[in-house]
Structures are given as C-alpha cells and as structure tokens.
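# Remarks on the overall topology
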Amino acid sequence: MNYGPLVFLAALFALASSWVGFVLAPQLQVGQLQQTNTVVATPYPIARPGLAQEGLQVYRANGCNSCHSQQVGQTGTVCDVVLTEPGTNQPALIAALQTVKPGLSETEARQFLSGLPKPLLHGLTKEAADQGAKTLETGGAKAQAWIVPTGPDIARGWGKRRSVAVDYLFDYPVMPGSHRVGPDLADVGTRQPDLNWELRHLYAPQAEVPGSLMPPYRYLFEKRRIEHGPSPEALHFPKEFAPAPGYEIVPSPAAKALAAYLVSLRTDAPLFATPFTVASAPQSTTTNAPAGGSTNAAPSASPTQ
Amino acid sequence: MNAQPNPGLIEKAEAAEPKAGRTAVPVWLLVLTLVLIYWGMVYFDHNGGWFHQQVYSPYHSLAEVQRLQLSSAGGNLERGRAVFENSCALCHNTDGMGKPAQAPPLAGSEFATGSPTRMIHIPLLGLSGSLQVKGQEWNLSMPAMGAALSDEDLAAALSYIRQSFGNKASPITPQQVKAVRAQVGSRTQPLNAAELNSMQ
Amino acid sequence: MIELASSQTVQAGGRETPSAITPAEIDLSCRAPLLVLFLSAAVWFLLAFLCQLLASIKFHSPQFLADTPWLTYGRIHLAGLDALLYGACLQAGLGVALWLLARLGRTRLAQAVPVLAGAISWNLAVTIGFVGILAGDSTGFDMLELPSYSVLPLFLGYLLIGISAVLMFHQRQEPLTFASQWFLFAAVFWFPWVFSTAELLLQAFPVRGITQAVIAWWYADNLAVVWLGLVGLAAVFYFASKLTGRELHSHYLALFAFWILILFGSWGGIPGSAPVPAWMPTISTISRVLLLVMLIAVALTFHLTLAGAWSKLKSEPSLAFVAVGTAGFLIAGLMRVSGALLDSQQLLQFTWFASARTQLQLYGFFALVMFGAIYYVVPRVTATAFPFRRLVWAHFWLAFTGIILLVVPLAIAGVLEARQLANPGIAFVQVSRATIPFLRASTVGDLLVVMGHLVLLVNLVALVTQFYRVRAAWAYAAITADLYQPAEVKP
C-alpha cells in the first residue's frame, strides 16, 4: 500500500486542526478585541503615547524580553469585608463587629474604628463577605465586600490583578516574555512611576538595586563634558557610579523612550474578566470640594492616574 | 583498477537497511492513552471555561466571574458609586450636597427620591431653565450626562443616588431605564420645569 | 573523477532496478550537499554556543562586555538561540533527513544542485539574520527573532531542500516503508506550513494584540517539539536498529509514537499563566500530558531494540550519541509533563527550569542524535574514515559531561527559584542571587560543550582534508599511470 498520501494527509489533518485551534480560534476570539470599557465605564486600554511606542521598539531591539516577563498571574480570588464609614451608632457597630469577627475585644473594636476604610476580615467567599458586610451596616455604617485577587505575583506587588488579552491590544510586537531573570514588568508603571529612577536604573542597575544581576546599559547614555553648567537632564548617581568630575551623564533619545515606555506599563483597571475592587480615596464630608484632589478627574479607578 | 580509494573502510558487509518487527502495540499502552484522554476531558471540563472569551484562570466558569462583578442588585452600590463619581460628582459633589451656582443638591431632593420614571428622564435629556429644588430656585442647565451611559451603569448610578446621602428610596433597574429610553426616542431637547413637574 | 565499482544500471529514463543501486552509490550522490550542510551546521553549533557561553558569563558578571550594544545579553542570547535553531539544528536535521530518505528509499539524492543552492541560501539567510539580531532588528517573538529581511532566503532554501526530499520519497523503491520515513515525510511539510503561517501573521500582516503571542508560542512549540521530535526520532529509530544490527523492536510502536506526536504534539505551546482565555493553557496542558504515551512508546522501542546489545555502546560512538540523545528526549519530555502538572503557582515556567528543558530538547536530544548521525554518515558519503578516532570519542565525552553540567544545575536552580518566589517575603534580588552558583556551574557546562563543538569541527575538517588528499593522490596516479611502471600508491 502506498503510504505516502496517507502520511501527507495525516500531517495535513493534524496541523490543520492545531491551526484552527491555536491560530484561527484565537484570532476570532481575542484578535478582534476592541477598546473596551472598564467596570466603571472608562475606555481601556489607552494607546501608548508616541515616545512610549518608540520605547517599545527599544525594548524589543535590546532583547529585554529575554529577562523580563510582562504577564501577571493569579491563582485565586478572595473577598475581604471592609468597613468604610463608621456611621453614628457606635455601640451597635461594635456589637456588629464582634458578631462578624468573633474573638474581637471591645478595645480592639474601638481601635479598629479609626483610620477607616479598613478591612475587617480577609479571605472569605463572596457570599460570606456580603453577609458580613450586611451585618455591619447598622446605624448608618457602610461596609463592602472587596474582591481581592491572590497569587504569588500579586503578593509580590507585581500587579493588582492578572493580565488579560485586552492589556496588549495596541502593542506590536506583543512580548509577554517567558523568563523572569528580572521582575515582571506588566505593571511597573504603577509601582515605579518615576522616569528618572528608570533612567538611573538603566545606566547603573546596581546603584538603584544593590546586588542586581542586570547588565548596565551605559551605551544608551551619553557621557559628556559639562560646558556651560550642568544639563537639566543630567542624572545623579552615588559616588561609585558617578562619572569623573567635570562630566555628566545624559540620556540619549533611546533611553528616554525606553523609560517612557516602562512608565507607561500599567494594568490596574478592573475589567469584567478580572474583577477586583479598587480602593478609592476616603470620602471627605467636611468640605464641598471633591475628595482626593483638585482636578476634574474622579479620584477612584481611573487608569490614567 | 579504480577500486574504492579506501577499500578497507567498510570492512564488514554493510548491514542491510533496518527492518522493523511486527510486534503489536502493548494493550496497556493503549489503555493508558484512553485513560489520559479521559483525564484530559475531565480536566478541560473543570479548567477550560468551555472556550468562553472572558473566563481566565483561576476562574472555572462564566458564572464564577459574573458572581464577582459589581452590581447594583442586592443593595451593592459599588458600581453605582463608581459611575456617580465619574459622571455626576463633578457638579453635584461626591456627598450629593450640590454646589451653589453649579448644581442643586441630590440629598433630600424630591426629584431624586420621587418617581423613578421622572428621575430617569433627567440624566437622559438634561434640564434647562428655572427649577425649584427643595424650595430653592435653580436657573442653570444640565447636560444629558446619562445619554452616553449604558442601561446598567445609569441604573446603578441612579440607585446609588436614591440610597445614599440620607436618601431612602427604591432602587432603579436597567429595565426601567431601557423603557424610558425607548419612550424618549430621538429627542435631544432638554426638559424644562413644566414638563418635569407634570410627569408621573 | 574517481569512479567507484558499480554494477550495471539501467538508466534509460525509467527507474533503476532495485538491486542495482548500492548504498555506496547513494552515498556518493549525496556527498557535496551533505558536506556543505554538515560543515555549516558544525560552524553554527560552535558559534551558537560561543554566544551562549558569553551570555552565560554575563549572568554572574553583569559588567562583562556590557558596553558594546552588539554584545548585550538580550541580543547575544537571542542571536545564539536562533543560530542554534536555524543555523545548526535545522541544517543538520535536513542533511540527515535527506540521507535517511535516500538510503531508506534506495534512491539517489534527487536534484543535488538545487539542494546545494538551498543550503547556500539557508546559510546566507541565517548569517544575515544573526547579524541583524545583534544589530537590534530582532522581531521580539520567541524562537522567531530572525528579522524579516532574512526570511525569504531561508524559506527559499528550505523549499529547494524540501522538494528534493519529497521527490526521493516519491521515487522510493521499497514498497514497505520504515517508520522513519513516515516521520521524515511529515516533517518535510511541517516546517514550511508553520513557518509561513507564523511569518505571514506576525510580520507580513500582523494580527492584533495577544494573538501575536499565541501564534508565536504555537510556532515555537511546533518547531522545538514536533519538528525536532519528528526528525530526531526518525534518526533514533534508524540508527538504533542499524548500529546494533537488529530489527527495530516494533514498527507499530514507532507509528503509534508518530501519530501521538503529530496529533497531540502541536497543541502544547501555551504556557500556564498566559494572558489568554483559560481554554488555551488548559488544552496545552492536556497535550503535554498526553505526549507521555509517546515518550513511553519511544522508550520501549529503544530499550527493546537495544536489549542485549548495550555493549555496542562502548564500541560505536554514533550509538553512544544516539542513546544519550534518546535519554535527553525522554527527560525533556518528562520535564514538560511535570512542568505542566506540578506548576500550580505558575512560577516554574518562568525560571531556569524552562531554560534547562529547552537546552535539553535542542541540544541534549536533537544535537546529540544529529552528531551520532553525522559521525556515521560523513565517512560513508566520502568513503573516508575519521582520521582521529580518539577525537570522536573525545567529542562524545565532552558533549555528555557538558550537557549534564549545563542542564542539571539550571534545573535545580529553577526549582529552588520557584520555591523562593512563592514566598513574597524573599526579595527578588535575593532569589536572583541565590541562583548564581548554579549559573556558574552551567557556564562550565557551556564551556565543555563549546570544546566539544571545536572537536567536531576539527574532526570534520580533518576528514575532508584527508578526503581531498586521497583524491589528489588518486588523480595524480591516474594521470601518471602510463608514464611510469604501476607503482605502489601510498595514500
């Protein structure tokens, strides 16, 4: 029997089916995503500004994705019971606190009431947390069940929630990375919004993170003689990393772009697929000004903050 | 002549091309394959989210994700509060007390605690002209802030207003919002006091 | 030109009668293309692992050569990886595939000149791509970093070589096929299909968003697990039987492995924590676990074919290479299965464990099997023995100890890293620094592997030099035969 056509057809069938499963289906399912709304009706994601997009190409060209990943993982979700407002009836509230959290003494309960909002219980299911919140709402007190994603990445502060498909909508190339020789960068813009820190870290990683294994990227910077006074862009380093006296370190356009890109990396908006409760600023009840700032932007859950 | 340059290279007779025996695949291997396929099906059933686009690990089903959403049902006002703070608090203030010469208060307002249908009309069409709220005269104009919101978001925000700042009124459902939207149709002209006060 | 003693052949336009073609003739027809492919592959192996050695040193000494953009870790690591994959592994694999198809089909190499052109085009493409990555033009996609301008010559090279393979399969004389031919025939089509899909959808008409990463993962897995697995296993089954002089234990077990590999193997690319809907990583996990039965089938076949002939490992370097390569294949597969099932925290996949597994698959399995094949094939296509048999064994021992020292410390470092990363109280820098002793050990492994490749190159160059020297002597003797009494020719 001539097995040639059989082998060909077998290979064709096998590859065609995996093509349908992992090329066509993802394209239909997540390849046509559009900008979506977060849970609080703001568009997400926002396209990166131009300098950050250039920075993405610098990131790609220098192979940063071979040491850094850009995907936060999540292994579970728990609910917290959070008391947000104390209301007016303190004794009833203290009794309720003791019902919800058995073993809480009165002094502890009184101490708890200062510095709200504060979580009372951690790690419950949604139903138990809703129940607990309802019990606490006596005498005008307000309590909520907060949804908190959990996982080693989140515990390490690498993100508040897991990364999902729509986080990568406007990037080319998308580089979620496969090695973590360095920390995950998906949300680095939230934990390190300082451009200068990023620039100093690129020039001398060991200056900002002692013991770091990251190689220095000095070729992205220019060491030049101070002519008519120090440049406003010059970076300042501790003594062992500073250049010789009379010289200053100035970032090149590539370094500035890369830093802008890193600072633009955020995944802190709650979405349908990855719900979590964003802690909003405490409400001000004494002035007429909007709580949390003097801008027009809402104080909570805005991805541009 | 012209024998191979290194006649001694392939000393032993070159073994014939390999052949393969015809032993059958052991049955236990086939059984193991079937067991693993079965395990795969169970594993997929548990973890695969049934191909749903919005189900990411660690969630196992769409229902699990939906349960964790903020909703205005069951007295959970988080979503409404978020929409309110985004859209309404700029003028009406986060504590619902309003701002002089900008927006009337919502706390204790008859329009906020009264008829649901009337209240829904306000953000959908906006207001203009003189209006009495809580005995005070307000002669400003309100844009149709709710026109761009979805039914769920607007219902959540209005429910939040009706159950906060000391107000104790019934929540508003997305279906009610939808009905009023259908009623309003393509009208863009804001309401005035006469129309508002004559509504049920 | 030296003529070999050949029997009468009927060449008038039709097929040659089966008994007429000797293996020696088949080997002779393959000589030029195979030599080009294998020599180039040997050079790329050396270059790739030199890059990797450099990258490995940079881990525990980040300041090493840090001021040259061309040698920064990100670029040199990726350039080395692509050089290993495309320059070394794929070329050696294609060479071995051509020879196996020719021998098993009892047919001469089809279209030798296009194959030669294809090999040259391929090398050109990989060189351009290698330099491009170092210059900063890498694409950012895992295992597909070759810049877009090197893609067309690469694809063209493959087409030229692949057409020859298909022709040889079509012209085969044997009515019954040996299992290896199934593997090779499928592999010939596999690469252009996945490569063209990946290049079209990632470079030419890029898809949007995370779909790029999905397609990149799909491609990388199909290349590293399926294609390398198909060609590597074809060589393993052939040489296990050939070098021991026994029948392959079971044709059906080999075919079973084939079916499992192609049906389930191409679904395994998506990592567990990927930012994609849950069904994709779930299906990938299931696929990786299902490949367990393929591993068992291969282990059974190999073990039962070699049963009682283990002593041949000491006398045949090719068999030693193939045996260690098979062990590498099985261990890499088991690492994949355990990574899929035991990584509930989704941490292990980002550690050195994954790196160790890739090294084992690419080098510990595929490259070693290819070396075994090269050490068998090259003497036969040139009818010249390797001048220094001890050096062949030296290569084996260097490769063997090298791969152990390369992979084992990295795997242990990965497991330790995952344990520590699960504890948020341990700072990341601490976790990183804790892996340094293991990285140092793996640098030593890298060094041994590099030395092994040097030895391979020395072996091949010595053989080719010997071949040309003998040829020159014969040509001289042939020209001067009628001038002098037939004298004893000293080769």
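Residues numbered from 1 in each chain as written. Chains lettered and ligands numbered in written order. Predicted model: local features only at pLDDT ≥ 70, side-chain atom pairs only at ≥ 80, totals over all residues. Heavy atoms only, no water.

## Let's talk about the overall build of chain C
In terms of regular secondary structure, chain C is built from 14 helices and zero strands. Secondary structure elements in chain C, listed N-terminal to C-terminal, are α-α-α-α-α-α-α-α-α-α-α-α-α-α. If you line up chain C on its principal axes, its C-alpha atoms span 90 × 50 × 45 Å. Expressed as a percentage of the 491 residues in chain C, the buried residues total 64%. (Helix = DSSP H or I, 4+ residues; strand = E, 2+ residues; numbered from the N terminus. Buried < 20%, exposed > 50% of the residue type's maximum accessible area, 1.4 Å probe, protein only.)

## Overview of the side chain of A:Asp153
For A:Asp153, the location among the structural elements is in helix 6 (residues 152-155). Exposure remark for A:Asp153: the relative accessible area of 5% places this residue in the buried category. From its side chain, A:Asp153 meets the backbone nitrogen of A:Gly73 in a polar contact 2.8 Å long. If we ignore the near neighbours within four places in the chain, the residues touching A:Asp153 are A:Gln71, A:Val72, A:Gly73, A:Trp158, A:Gly159, A:Arg180 and C:Leu347. (Polar contact = N/O pair within 3.5 Å; in protein donor to acceptor, adjacent residues only side chain to side chain. Contact = heavy atoms within 4.5 Å.)

## Remarks on the pattern of salt bridges
Taken as a whole and judged by the stated rule, the model has 20 salt bridges over all chains. Note that A:Asp184 is salt-bridged to A:Arg180, the shortest N-O span being 3.3 Å. The pair A:Asp184 / A:Arg180 is uniform in exposure class, with both members buried. Between A:Glu248 and A:Arg224 there is a salt bridge; the shortest N-O distance is 3.4 Å. With a gap of 24 residues between them, A:Glu248 in strand 7 (residues 247-251) and A:Arg224 in strand 6 (residues 221-225) connect regions that are remote in the sequence. The exposure class of A:Glu248 is buried, given its relative accessible area of 5%. What emerges from the salt-bridge pattern is a single network uniting B:Glu17, C:Asp27, C:Arg103 and C:Lys242. (Salt bridge = Lys/Arg side-chain N within 4 Å of Asp/Glu carboxyl O.)

## Some words on the interface of chain C and chain B
Listed as interface residues are 51 residues of chain C and, on the opposing side, 38 residues of chain B. Taken over both partners, the interface formed by chain C and chain B buries close to 3900 Å², and the fraction arising from carbon and sulfur atoms is 68%. Summed over the shared surface of chain C and chain B, the result is two salt bridges. Taken together, chain C and chain B are joined by ten residue pairs in polar contact (both at pLDDT 80 or more). Looking at the side of chain C that touches chain B, the elements that each hand over two or more residues are helix 1 (23-60), helix 2 (73-105), helix 6 (211-244), helix 7 (251-264), helix 8 (279-306), helix 11 (352-382) and helix 14 (436-480) of chain C. At twelve residues, the largest contribution of residues to the side of chain C that touches chain B is made by helix 8 of chain C. (Buried area = accessible area lost by both parts, 1.4 Å probe.)

## Notes on the pairing of strand 2 (residues 136-142) of chain B
Residues and elements named next belong to chain B. Two elements, strand 1 (residues 127-133) and strand 2, share seven bridges in a ladder whose sense is antiparallel. By the bridge assignment for strand 2, Gln132 is matched with Glu137. The turn joining strand 1 and strand 2, which pair antiparallel and follow one another in sequence, is formed by two residues; a positive phi near 55° is taken by Lys134. (Pairing = 2+ DSSP bridges.)

## Regarding the nonpolar core
Membership of the largest hydrophobic core comes to 216 residues, with the highest contact counts inside it found for C:Tyr86, C:Trp99, C:Phe191, C:Tyr219, C:Trp227, C:Phe239 and C:Met294. Ignoring any residue separated from it by four or fewer positions in sequence, one finds C:Met294 in contact with C:Leu233, C:Ala257, C:Ile260, C:Leu261 and C:Phe329. (Core = buried A, V, L, I, M, F, W, Y, C linked by side-chain atoms within 4.5 Å.)

## Quick notes on the interface of chain C and chain A
Tallying the contact residues gives 87 residues for chain C and 76 residues for chain A. Each partner contributes to the roughly 6600 Å² buried at the junction of chain C and chain A, and carbon and sulfur atoms together form 64% of this total. Broken down residue by residue, the surface that chain C buries against chain A is led by C:Arg208, C:Phe350 and C:Phe428, which jointly contribute 12%. Linking chain C to chain A there are one salt bridge. The residue A:Arg218 makes a salt bridge to C:Asp67 at a minimum N-O spacing of 3.0 Å. The tally of links between chain C and chain A comes to 27 residue pairs in polar contact (both at pLDDT 80 or more). Broken down by secondary-structure element, the contributors of at least two residues to the side of chain C that touches chain A are helix 2, helix 5 (179-204), helix 6, helix 7, helix 8, helix 11, helix 12 (389-421) and helix 13 (428-434) of chain C.

## Concerning the packing of helix 3 (residues 78-87) of chain B against helix 7 (residues 151-162) of chain B
Residues and elements named next belong to chain B. One can describe the packing of helix 3 onto helix 7 by two numbers: an axis separation of 7 Å at closest approach and a directional angle of 95°. Considering the angle they form, helix 3 stands roughly perpendicular to helix 7. Residue-level inspection shows Arg79, Gly80, Arg81, Val83 and Phe84 of helix 3 in contact with helix 7, the latter providing Glu152, Asp153, Ala156, Ala157, Tyr160 and Ile161. A breakdown of the residues in the contact of helix 3 with helix 7 according to their chemical character gives six nonpolar, one polar and four charged. (Axes fitted to C-alpha atoms, helices over the stretch in contact; angles between N-to-C directions. Parallel < 35°, antiparallel > 145°, perpendicular 65-115°, else oblique. Nonpolar A, V, L, I, M, F, W, Y, C, P; charged D, E, K, R; others polar.)

## Some remarks on the side chain of A:Asp187
Residue and element names in this part refer to chain A. Relative to the helices and strands, Asp187 resides in the loop between helix 6 and helix 7 (188-191). Of the side chains bearing the opposite charge, Arg266 lies closest to the buried Asp187, which forms no salt bridge; the N-O distance is 5.5 Å. Here the side chain of Asp187 touches Thr190 through a polar contact of 2.7 Å, side chain to side chain. A distance of 2.7 Å separates a polar side-chain atom of Asp187 from the backbone nitrogen of Thr267. In this structure Asp187 touches Trp158, Gly159, Lys160, Leu265, Arg266, Thr267 and Asp268, once residues within four positions along its chain are discounted. (Lys, Arg positive; Asp, Glu negative; His and termini not counted.)

## Things to note about helix 2 of chain C
Residue and element names in this part refer to chain C. With 33 residues, helix 2 should reach 48 Å at 1.5 Å per residue; the first-to-last C-alpha distance of 45 Å fits that figure. Within helix 2, the axis deviates most sharply at Ala83, by approximately 30°. Among the 33 residues that make up helix 2, 32 are buried, leaving the element largely enclosed by the rest of the structure. The positive-phi residue at the C-terminal boundary of helix 2 is Arg106, with phi of around 50°. (Expected span 1.5 Å × (residues − 1). Bend = angle between axes of the 7 residues up to and from the residue.)

## What about the domain arrangement of chain A?
One widely used convention gives an interface's size as the accessible area the parts lose upon coming together. According to the domain assignment, chain A contains domain 1 (36-71 + 155-264) and domain 2 (76-150). Taking only C-alpha atoms, the centre of domain 1 of chain A and the centre of domain 2 of chain A are 40 Å apart. (Domains from an automatic or database assignment.)

## Things to note about the confidence of the model for chain A
Residue and element names in this part refer to chain A. For chain A, mean pLDDT is 84; residues scoring 70 or higher make up 90% of the total. Within chain A, the element-level pLDDT minimum falls on strand 1 (residues 36-37), averaging 70, and the maximum on helix 10 (residues 253-263), averaging 96. The model gives residues 281-305 a pLDDT under 50, and that stretch makes 40 contacts with residues more than four places away or in other chains. (pLDDT = per-residue confidence, 0-100.)

## Side note on helix 10 of chain A
All names here are of chain A. For helix 10, the tally of buried residues reaches eight of eleven residues, placing the bulk of the element in the interior. For helix 10, the set of buried residues is Ala255, Ala257, Leu258, Ala259, Ala260, Tyr261, Leu262 and Val263. On its buried face, helix 10 sits against helix 2 (50-61), helix 7, helix 8 (195-203), strand 6 and strand 7.

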